Amino acid sequence: MTGKGATVFRFGEFQLNPLARELSRHGEPVELAASAFDCLVYLIEHRERPVGKDELISAVWGRADVSDNLLAQTIVRLRRALGDAGMEQRCIKTVARVGYRWMLETQVLQQAAPDSVGAAASEQAMQTQAVAPSQPSSPPLLRRSLLAALLFTLLFAFVYAGWQWLGGRVAKAGFSFDRSAAIVLPVEVQAPDDWQWLHLGMMDMIANRLRDAKIPTESSQEALELIKDSGGDAGANLSSFALVVHSRAVLSGDGWHIHLDANAKDGRKWSAESTAGDVLAAVRAASDLLLAQLGYGGGMASPARGDAMEEFMQRVDATRLAGQPQLAKALLEKAPPAMRNDPELTYASASIDCDEGRTDACQQQLEALLQRLPEDRQPVLRGQVLTVLGQIYLGQHRNADSEAALAQAVHMLEDVRRAHGPKDVEALATAYLVRSYLHTQSWRLEEATSDLGRARVNYTLAGDLVGVAKADQAMGALALRRAQPDAAEILLRHAYDQFVGMGMRSMLPSILDALAYAQQMLLQFPDELRTTDRFWPLEEKSKDFGFIGDDMRHELTMVRAAALADNGRTAEASVLFRQVLDQTDAAKEPGLRAEVDKGLARLALDRGDYDHAAAFAADALTPTLQEDDQRDYAETWLMRISALQRAGKNDQAKHEIAAMLAWHAQLPIQNDWTNVYVLRAQAAQAWIDGEHDQALEQLKQALALADKLGVPDVIVSAGKAYALALLAAGHLDQAVAVSGRLSSWRQTDWRAAWVEARVYQALGQNDAWQKSHDMAQHLAGDRPLPAVSAAFEF
């Protein structure tokens, strides 16, 4: 299937495809940061006039609190990429007191759009690929607990979604569902108690009928989550849906009366009624009448299984939707003999075990079911089974088995899509989503990005708005792994707004967690603290997010502690860090405890308590931390080395350095991020041995690598070590230059302000020294500034 052509701009040696987020020169890709790419697109699209700075900031960053300095730096990088680094400003001209204007003659071309799924997948994938370096990028320190929380929230109710038979793509009809979906609400049932299963069962029947007619329809599980998250108000937070269906079922003397009301967000309304002695027949007839009014043909038949089987499965489905898994399990165990060997019943039983945390039982049932399912029949169900098994294997660190299962699932479900159009694409979307996490865990980030793009597109085709938002959230987390906190912040804010708009409160804590981490990397410490204010104190704010499990509570407490520390409230931070240690089990949450120990090591190092800093860092250096992220592990090891060196325990420090270098040498993947810490450790070794020139050269290389990564937190950390070493070695001119490189953050980060103060002191500029010293102390808060005579931290 082909779609409308995409606009492509050609200027000089370059070609720009905004839809695919590609800039090329002579056919070779040109790498741009996401913000620079967006600036380029906006300037070219408005090339007929100058674009004001405020307008450009609003269009690219989506908010007004971005400094002119950041915009100017972005324009400089953009000009450099376009070969416009001189003074002539042949590409982008600075318009005094206004902003910028695109100057090059530009051709507008049209390209025929490729297959819609592949093209759109490329578009979504390039949202993060456009900012990726040509070599495998060095992912930042993404907390294991953050990744675990994200996996849980993104895959919530995944098995349930696979249980439902989905329809195909949106067809041409009288009512358009352009980039939106229908949602069916629970049914009002006026009948004896033994028919109350229709409250949710009929809701699911109608939703399936809409899907069979190729209408994108929200899953019943997600619909119930929306209602729960809006405090039980079925009408709240539904403005994003194109169509909301209310229904009523009444049992009277002449049979069942089914009444459906459908309300569009543009104000249009439709109603359909049907009466029959059999409730399933009445529901089908009313649903088909509604579909006809909407301009869609009658619903296609669901997979043939007979009315008795359909009613039984709807009863089980309704019981499960109502949050009664034990009752659903009991119903399955009492299924009529003729139904007991049906694959759907086995899948439903396994799904309940997975939902209830009985992973071993779920796995056993699914593996047995896979053996029973012929490879050439029921490909959607087989693909769903393989996807769930792939997820289970991933949790068991059986990556090879996970990859094999997910590859089969994707291949099978893609065959279904090619044969029948975008049918059952929600199952395909979920398979791509799960596989993206396998790639992420294995640091195959390009493959993870591509799979996330495909997942998002297929969720869009399925009309699953919640799935789309989950994919956006995952893209934000992946941007963090790519060392792109600025892109991550934009993506995460967008996902947050989507979930807020849909009333999905339960999804918000994990987004706020990731958003705070991105802001920490960007040295946006006040923003980081404000982000945690949205969920803190947990006792008061937890009601705003629905149920929050203990794991997430511990995670959010740690995030709050980190934000407090970054804002100079280290005493409060220490209390919360220790609270997490007291409340967690090392066997159950080793990754979280390692992060907390790392945080406590940082606080102890900053206040000059070197023995405790070394001890906390040693506690954090666990196999779990090493397995999760070599960069986090290397940073923690460097903290231990610095603590020992500053405590005068040089022999122990040298022993740790040798062990760290041996560990680094055997790593299968060498990357710039880890190398920043390794170079600083080598510099500590050289300094201890009296080889100061060698140490300074290694610190210089570390700062150069940090600059290449472009993450402000890493730049300031490496720059502080290098500048103070230069001062200690008497190289004042070079220290002044390094201080200048850090000056962008002198009003946000105490480390940059402290470097500036020390440089002014060395220059004999007492007034400037005092002013910078006061700024550093203000930013440090209750954290004591280092003594001028103290050994510096590598």
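In this report, the structure presented in the accompanying data block is examined.

About the criteria used
Residues numbered from 1 in each chain as written. Predicted model: local features only at pLDDT ≥ 70, side-chain atom pairs only at ≥ 80, totals over all residues. Heavy atoms only, no water. Helix = DSSP H or I, 4+ residues; strand = E, 2+ residues; numbered from the N terminus. Buried < 20%, exposed > 50% of the residue type's maximum accessible area, 1.4 Å probe, protein only. Contact = heavy atoms within 4.5 Å. Pairing = 2+ DSSP bridges. Polar contact = N/O pair within 3.5 Å; in protein donor to acceptor, adjacent residues only side chain to side chain. 1 Å grid on protein atoms, 1.4 Å probe; cavity = no way out; pocket = protein on both sides within 12 Å on 5 of 7 lines; lining within 4 Å. Points joined across faces, edges and corners; volume = space filled by probe spheres on them. Phe/Tyr/Trp six-rings, centres within 6.5 Å; stacked < 30°, edge-to-face > 60°.

## Quick notes on the overall build of the chain
Now for step 1: Helix and strand counts for the chain come out as 35 helices and 13 strands.
Now for step 2: Taken across its 794 residues, the chain has 57% of its residues classed as buried.
Now for step 3: Summarising the internal contacts of the chain: among those between residues at least 6 apart in sequence, 64% fall at separations of at least 24.

## Re the pairing of strand E2 (residues 14-17)
Now for step 1: One ladder, built from four bridges, connects E2 with strand E3 (residues 22-25); its direction is antiparallel. Along E3, the bridge assignment pairs Asn 17 with Glu 22.
Now for step 2: Taking the residues that link successive antiparallel strands as the turn, the E2-E3 hairpin has four residues, and the phi of Arg 21 there is positive, at about 55°.

## Regarding the environment of Tyr 459
Now for step 1: Checked against the element boundaries, Tyr 459 lands in helix H17 (residues 445-462).
Now for step 2: Measuring from C-alpha to C-alpha, the distance between Tyr 459 and Ala 429 comes to 5.7 Å, with 30 residues separating the pair along the chain.
Now for step 3: If near-sequence neighbours (up to four positions away) are discounted, Tyr 459 is found in contact with Glu 426, Ala 429, Thr 430, Leu 433, Asp 464, Gly 467 and Val 468.
Now for step 4: Separated by 3.1 Å, the side chains of Tyr 459 and Thr 430 make a polar contact.

## Structural notes on empty space enclosed by the protein
Now for step 1: Tallying each qualifying case throughout the model produces eight cavities of 30 Å³ or more.
Now for step 2: Lining of the largest cavity is provided by 36 residues; of these, Gln 520, Asp 566, Arg 602, Glu 635 and Asp 713 occupy positions nearest its centre.
Now for step 3: Of all the secondary-structure elements, those providing two or more residues to the lining of the largest cavity are helix H20 (508-521), helix H23 (550-566), helix H25 (590-606), helix H28 (630-646), helix H30 (672-688), helix H32 (712-728) and helix H34 (750-763).
Now for step 4: If you tally residues by element for the lining of the largest cavity, the top one is H25, at six residues.

## Regarding the packing of aromatic side chains
Now for step 1: Scanning all chains against the criterion turns up eleven aromatic pairs.
Now for step 2: With 5.7 Å between their ring centres and 20° between their planes, Phe 11 and Phe 14 make a pair best called stacked. By the burial criterion, Phe 11 is buried, and Phe 14 matches it.
Now for step 3: Plain terms: the ring middles of Tyr 633 and Trp 663 are 5.2 Å apart, the flat faces sit at 55° to each other, and that makes the pair tilted. Taken as a pair, Tyr 633 in helix H28 and Trp 663 in helix H29 (residues 650-665) lie far apart in primary sequence, 30 residues in all.
Now for step 4: For Trp 663, a relative accessible area of 8% translates into the label buried.

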